[in-house]
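# Per-entry structural report
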Amino acid sequence: MEELDIKKVVIITILLIFIAFGSGILVGKAIYSKPQEIQISTEEQNTQEVLPKKIKVYVAGEVKKPDVYELEEGSIVKDAILLAGGATENANLLAINLAKRVNDEDQIIVPTKSLDINDLTSEIAIASSTKSATGKININTASKTELMELPGIGETKAQAIIDFRTKNGPFKNPHDIVNVSGIGEKTYENIKDLITT
């Protein structure tokens, strides 16, 4: 009887050891699983923080789909032109720097082949502001609203200016604005001191 009691005690002790060992493993897994979840969450936050900034540029001239497009910061002129459906057959891509980086609110004008490359400047290809240092409005880059700030230029004439430069390329000098339908010498005399190219 005593031997039987000893065997029972030994078996019970072994079972208790196994139960205790198994419980220890489960508790250990539960403890160490939480920091791993936190670490993954932190990595996801870091990934979100490094997302590239978006910028918007206006692509016009000899492209298939002139419009305002959103690009990643650090994009170049070529990227913007591709978003606009690519250049047309009449585009003079030699006149612009396709590798130039674009900035937020830039306007990219792709000129026609009929324009002389030597007459083009970097301000024509990309214009980052519509007003010069003197406060004059740049008729090559101004929006319709900005053009309407000029005396005698209403919505119709402002749109005519934009349509003209989109079709024919940028104005070479302020006086060229008289070539726009509806704008003559009289209008030019009223605005000549307020505009630039």
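Cut-offs and rules
- Residues numbered from 1 in each chain as written.
- Predicted model: local features only at pLDDT ≥ 70, side-chain atom pairs only at ≥ 80, totals over all residues.
- Heavy atoms only, no water.
- Core = buried A, V, L, I, M, F, W, Y, C linked by side-chain atoms within 4.5 Å.
- Buried < 20%, exposed > 50% of the residue type's maximum accessible area, 1.4 Å probe, protein only.
- Helix = DSSP H or I, 4+ residues; strand = E, 2+ residues; numbered from the N terminus.
- Contact = heavy atoms within 4.5 Å.
- Pairing = 2+ DSSP bridges.
- Expected span 1.5 Å × (residues − 1).
- Arc of directions from axis to C-beta.
- Phe/Tyr/Trp six-rings, centres within 6.5 Å; stacked < 30°, edge-to-face > 60°.

Here we come to the nonpolar core. The biggest cluster of nonpolar side chains holds 16 residues, and the ones touching the most others in it are Leu-147, Leu-150, Ile-153, Ile-161, Ile-177 and Ile-195. Secondary structure elements with two or more residues in this core: helix H5 (155-168) and helix H6 (185-191). At 3 residues, the largest contribution of residues to this core is made by H5. Among all residues touching Leu-147, those that are not within four sequence positions of it are Ile-137, Ile-139, Ala-142, Ile-153, Ala-158, Ile-161, Ile-162 and Arg-165. Grouped together as the second largest cluster of nonpolar side chains are 15 residues, Val-57, Ile-81, Ala-84 and Val-110 included.

Quick look at the environment of Ile-161 now. Along the chain, the position of Ile-161 falls in helix H5. With relative accessibility at 0%, the residue Ile-161 sits in the buried group. Ile-161 sits 18 residues away from Asn-179 along the chain, and the two C-alpha atoms are 9.3 Å apart. Setting aside residues up to four positions removed in sequence, Ile-161 forms contacts with Ile-139, Leu-147, Ile-153, Phe-171, Ile-177, Val-180 and Ile-183.

A few words on the pairing of strand S1 (residues 54-61). Of the strand pairs in this sheet, S1 and strand S2 (residues 67-72) are connected by 6 bridges, and their pairing is antiparallel. Bridge assignment links Tyr-58 to a residue of S2, and that residue is Val-68. A loop of 5 residues connects S1 with S2, the two strands running antiparallel in sequence. Summarising the sheet, S1 and strand S3 (residues 107-110) pair through 4 bridges and their orientation is parallel. Residue pairing across strands places Ala-60 opposite Ile-109, the latter belonging to S3.

Moving on, we get to H5. Taking 1.5 Å of rise per residue, 14 residues should cover 20 Å, and H5 covers 20 Å from first to last C-alpha, within 8% of that figure. Inspection of H5 places Ala-158, Ile-161, Ile-162 and Arg-165 among the buried residues, and these make up the whole buried set. Along the axis of H5, the buried positions cluster into a sector of 90 degrees, meaning they face one direction only. Opposite the packed face of H5, turned more than 90 degrees from it, sit the exposed residues Thr-156 and Lys-167. At its buried positions, H5 is contacted by S3 and helix H4 (144-147). Just beyond H5, the residue with positive phi is Gly-169, at close to 90 degrees.

Turning next to the packing of aromatic side chains. Per the counting criterion, the structure on display carries 1 aromatic pair. A centroid spacing of 5.4 Å and a plane angle of 10 degrees characterise the contact between Phe-164 and Phe-171, whose relative ring orientation is stacked. In this structure Phe-164 comes out as partly exposed when scored by relative accessible area, which is 22%.

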